[in-house]
Structure formats: structure tokens, C-alpha cells
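Examining the three-dimensional arrangement
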Amino acid sequence: MDTNEKPANFIFAAVAEDLKTGRFNYVRTRLPPEPNGYLHIGHVKAFLIDYLTAREFGGELILRFDDTNPTKEETEFVDAIEDDARWLGIQWVKVTFASDYFDRLYEWAIRLVKKGLAYVDDQSPEEMSASRGTLPRGTKWSETEAAIKPGVASPYRDRSVEENLDLLERMKNGEFPEGSRVLRAKIDMSHPNLVMRDPVMYRILRVPHHRTGTKWCIYPTYDWSHGQNDSMEGITHSLCSQEYIIHRPLYEWFLRQLGEFPSRQIEFSRLNLTYAMMSKRKLRKLVETGVVSGWDDPRLTTLRGLRRRGVTPEAIQSFIAAVGETNNDSWVDMGLFDSFVRDDLNQRSPRRMAVLHPLKLVIDNYPDGQVEEMDAVNNPEDASAGTRKVPFSKVVYIEQDDFRETPPPKYHRLYPGNEIRLRYAYLVKCTGFSRDPGTGAVTEVHCTYDPATRGGDAPDGRKVKSTIHWVSAEHAVQAEVRLYAQLFTVENPDVGDDISASLNPNSLETLTGCFVEPSLADAKPGDKVQFERTGYFCADLDSAPGKPVFNRTVTLKDTWAKIEQKQG
RNA sequence: UGGGGCGUGGUGCAACGGCAGCACAUCAGCCUUUGGAGCUGAGUAUCUUGGUUCGAAUCCAGGCGCCCCAGCCA
């Protein structure tokens, strides 16, 4: 970092200070996902902080999977997380696993036992919980106790070092049933911070591990693994979310007692995003019950979902940078995220014409059978994107919404007698329409064109108030378009038990009779385009040559919708 | 009657003892071959009380409010 520059956030400032004071003379961070689910937008903030902090100071990042609980973790997620993180643009120097250090960690535990700082406890989970003490009344955890009560010491707390060593060895060797004993740190049962009341270090779990198989039947807890792994890897700054603040005294206690490399934990507040589900448990439920099509359903704010929807890593990075790092409790509006997605896509997306809700427009005075190739700009934001040819003919499709039999106030599009522009083609004037005698629906609109306005400009300089997009009927490629809306109707879908009550029943609208211009016929999955006047779209995995499928990434801002809404 | 964290427009983030600023959102206008983009302008904020100071969002003291913590989860 440029020393004259003000640090971008309080973490950079803290790291810079550590370098300056000599607390550390290099920077190494770690990225510690637990392989028990797919990455979502909530993880991204932490990922980027870990990565960018290392990069800022010329340091390195280690991707370390926190796999200390074999009952929840799977290899499937290891691969997926690596893939997602790489897609996001994060770079690491190596991949490690908490389980790589199980042997060494066990040795460290023995050291603590020998120092009289850890003991084997035979109490049941219920007994341990009951003896931990209580929080005062008024907290959500306690309805009955008036005041905080100190914990009471386990009857096994003062076992001899020899006995503890023996018992720990036998725990490791599988001599005891699951859940029957634990190794606890011997700290202070009346500590005001509950985390310090003799926390559990090892528990017996007779579950095979995705990497170590059946070698172990005792597994370390987070508290007894994370900080130690940090230290073993020479991590200087262990950046984590605020919920771990109260664990910091323990993090430091272990390393101090061990006399090992003193990694520093720094916390920041996690990202809360409105309308985004971050709970892994609930996400999993949505997937398993088929509410969404999978972990990559475009309505999900999983990385895979966002990617499939058409969001780019750059947009996500900009968004996270804009959100900033603090310790405030905050809720970021999904609208802010959308604005970054639009901004990114506006710069990079080629423009195309696509009609989602087709209505036939017949240009009565256009010669039958004539076809003209119109020049269309690919991206007004990027001259280097060039132009393309779009075929035009007597019958074109326009959006149903671009024609009104009787226009509301301020409506400038097509209605009887009004002249508008067909983008890149001609000025046309509406002469009439026909309707289905049965339903009364408008089936076809008629107009005449002014041959002198080829390209869209009138030689006499007359102006029109509206330009609409179109697709030549004869050349149109049929496409499926999936319109996504917010999956939830509530801002915080993570609270509450009944997910179904907060689901938006209209979060997906599938349109099968859409028409897109010929250049989109062979769109490849992942291709991003702007459908003019409609929104940003991304070709879906389900696309086949000649049969494209598009996901709407995000709509364009729609001023007309606002006007219309105000009119009621 | 525990411990910890946090309070700046509607939302998020700046300002680190010296004119409270930026983005998103909102409103008004300009421009426009996307009612997109862009441009211009407007409104709205320092939780509260007291203190220190020429001067406080910033420092000090008290109060208030919100969030987190009693897994052998991470």
C-alpha cells in the first residue's frame, strides 16, 4: 500500500499499523470455508476481504477448508467452493484442510494437558450445559433467571495429568462411545464470557471423515482448530465475521498458553442483503423440496445462481467494494446490488432486439417479399463493438405493450394516428388494427411507413417521441425467455420457520413464444446481451443451437413503469 | 443483575478537533434512434443529555436504542 494513501477500510488500517509497529513483517490471510454447502453472496464479502487484504500488502492467501465436523461435510462441496471462488476472481497460493493438521493438533492438545490446562470430562452434554451457568433474565435465552449465574466446575475437572493423558489417548483409540467424553480447556468456570467457561476441544464422533476416513474418532471443535491452524500456517491476520468477537479471548488464550505464532483475529460485520436467503439450512431445503431447480437456480443468491443468471464477477466485486467494511449492523438493499449489475452489464453487453410478448405489425405499403438489411449499433457505450445487419420486412413483431388502442396520458408509443420509429428501420404511422371477434384481443396492428426515413431519420427533420424495437416475422428465431423476480416477498427470508409463507409465487415467468433477431439463434450458454428497452439477459445452459433460452439477469430501469404506476 | 459489538439522510459508506460528503433510492429538469445510458439540480442525517474546546459526528461522562453469546456447529 502507498503509505501516503489513506487505508480503504479499518482492516487495511490495522494491517498497515501491524506492519509499521513490527508486530508482523509480512501478511498472510486465510479463507476458511466449511465444505458443507455452496457459496452465496454472504460469503463473498469475507472472501474478498481475505483476498484483497493479502493482495493489498503484497501478501498471500491460503484457501483452507475448515473440515472439523465430518457429520456435515462433503468432498462435493470442496470442489464446488474452489470452482466458485476461482470464478469470483480470487487467487490463493495453496489449498489446505484443517484435517491436514489433525496429528499436530493432537500433539498440541497433549501439551496443554501436560501443563494442566486441559482435562477429560465425563459429563453428558446435558450436564455440561446445565453447569455452564446462565444469562440474566431479559435476554432471549433466559426467561427465568434473574441474574447471571457462574458455571459450576465439573466433578472431573481436577483429574491428574496422568489420568487425563490416559483418557485422551483412549478417547483417540476409540475405547469410548460417541458423546461419552470430551476434552475441555481448563480456564475459568465463572468467566463473564461464556466462551471461556472451559470450552470443549475434542468430542468423540464415530463418523468417517471425507479426507481422513476412519483414522480419527475424535474431532476438534472450531475453537480448538481454527486459531491453531492459523498459527501453524503462519497466518498473520485471521479475518472473520463479528460473531467470532467473543471467541477472540479464547483464540488468544490458546496461542499464548501454547507459545505459538500469535496470529491476529480481526472481525468485521457480515453482509446482510435484503431478499437474499443466506441460511445454508434453508437454502438446502429450497433445493431439496424442489422449490428451486437446484443450487444454480438463477433466483438464488448462491454464486452458482448468480452466475447462471448472468451476473459477472466484476459486478459482484464492485458491489462488495461499495458496501464497504465496518462493524455496523447493516442491511444492504438488493436495489444497490442490481444497480451494480446494470452498470457492469451496460458497459459490456451487446444490444439485440427481442420481442417477449409478440404482436404482429403489418406495414401495409411495404413491398411484399422485400427484405432490407438494416445497420444496427451493437453497443452505444462501446464503439469498438461495431455494428450488425438486421433483416427487415413487411411483417414484424413488436411488443404488445408498445401498442395501445387508446393511449393513456404521456404514452408515446404506437396508437391509431401516431407516428413512431422502428429502431434502425423506418418511421411508421399507425393506421388501424384488427381484433379477435371472440376475445376482443388485438391480433394485428397496421401501419404505413415513410420510405424516405430509412435508418430512422426523417429528411424533413420531423421528430417522433418514441422508438420501439421489433423483429422481422419472416426471420425471427423463436426463443424461450425466463423472467425472474424476487424469490421472497419478505426482506429477511432467513427469519421464521415457514419458508413457504414468504415465497413469491410469481418469481419465475417462463415465456416460450418469444422472437429474437437471427443473430441470437446460436447463443451459447453464458452469452450476455441487452434486449433493447427490456433488460439484460444471459443465454441459459438449456440453450441448443437454433433454440436459445435466455435468463433475465436484471431489468433496465423503467421510467414509464413509474409514470404508469403513478397514474394508477 | 453478565459479557461483547454497534448508533451519520430512506439504505450503505465517508469525514479521524475545522464549511457533514459519496453511492443507491426519491423528486424536478435537460438530452436521447433504448421511456436505457448520460447530464444538471433538489429534499432528507450526526441516538440523547451534559462536559472539554475559539470550534465536537470526532475527545470525556451519563443515559437511551439495536444486535450477538448458555452446540460435543462453524
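Residues numbered from 1 in each chain as written. Chains lettered and ligands numbered in written order. Predicted model: local features only at pLDDT ≥ 70, side-chain atom pairs only at ≥ 80, totals over all residues. Heavy atoms only, no water.

Next up on the list: helix α8 (residues 248–258). Residues of α8 that are buried include every one of Leu250, Tyr251, Trp253, Phe254, Leu255 and Leu258, and no others. On its buried face, α8 sits against α4 (102–114), β5 (182–185), β6 (200–204), α7 (226–232), β8 (237–241) and β9 (264–268). Following α8 by one or two positions, Gly259 has its phi on the positive side, about 70 degrees. (Buried < 20%, exposed > 50% of the residue type's maximum accessible area, 1.4 Å probe, protein only. Helix = DSSP H or I, 4+ residues; strand = E, 2+ residues; numbered from the N terminus. Contact = heavy atoms within 4.5 Å.)

Turning our attention to the sheet that holds strand β7 (residues 218–220). Spatially, the four strands line up as an open sheet ordered β4-β5-β6-β7, and their pairing is antiparallel. For this open sheet the edge positions go to β4 (118–121) and β7, each flanked by a neighbour on one side alone. For this sheet, the mean angle separating the axes of adjacent strands, direction not counted, is 20 degrees. Of the strand pairs in this sheet, β6 and β7 are connected by three bridges, and their pairing is antiparallel. Residue pairing across strands places Tyr202 opposite Pro220, the latter belonging to β7. Across the sheet, helix α6 (residues 161–172) touches β4, β5, β6 and β7, and the angle it forms with β4 is around 60 degrees. (Pairing = 2+ DSSP bridges. Axes fitted to C-alpha atoms, helices over the stretch in contact; angles between N-to-C directions.)

We now examine the pattern of salt bridges. A side chain of one charge can pair with a side chain of the opposite charge when the charged atoms of the two come close. In total, this model carries 46 salt bridges according to the counting rule given. Across the salt bridge formed by Asp368 and Lys394, the nearest N and O atoms sit 3.4 Å from each other. Of this pair, Asp368 sits in the loop between β12 (358–363) and β13 (372–377) while Lys394 sits in the loop between β14 (387–392) and β15 (395–399); the two residues are 26 residues apart in sequence, bridging distant segments of the chain. Residue Asp368 is classed as exposed on the basis of its relative accessible area of 65%. (Salt bridge = Lys/Arg side-chain N within 4 Å of Asp/Glu carboxyl O.)

If you check the backbone angles, Tyr275 has positive phi at about 65 degrees while not being a glycine. Relative to the elements of secondary structure, Tyr275 occurs in the loop between β9 and α9 (280–288). Residues other than glycine seldom take positive phi values, yet Lys410 does so here, at roughly 70 degrees. For Lys410, the location among the structural elements is in the loop between β15 and β16 (419–422).

Model confidence for chain A is summarised by a mean pLDDT of 95, while 97% of its residues fall at 70 or above. Both scores are given for the predicted complex: the pTM is 0.95, the ipTM 0.96. (pLDDT = per-residue confidence, 0-100.)

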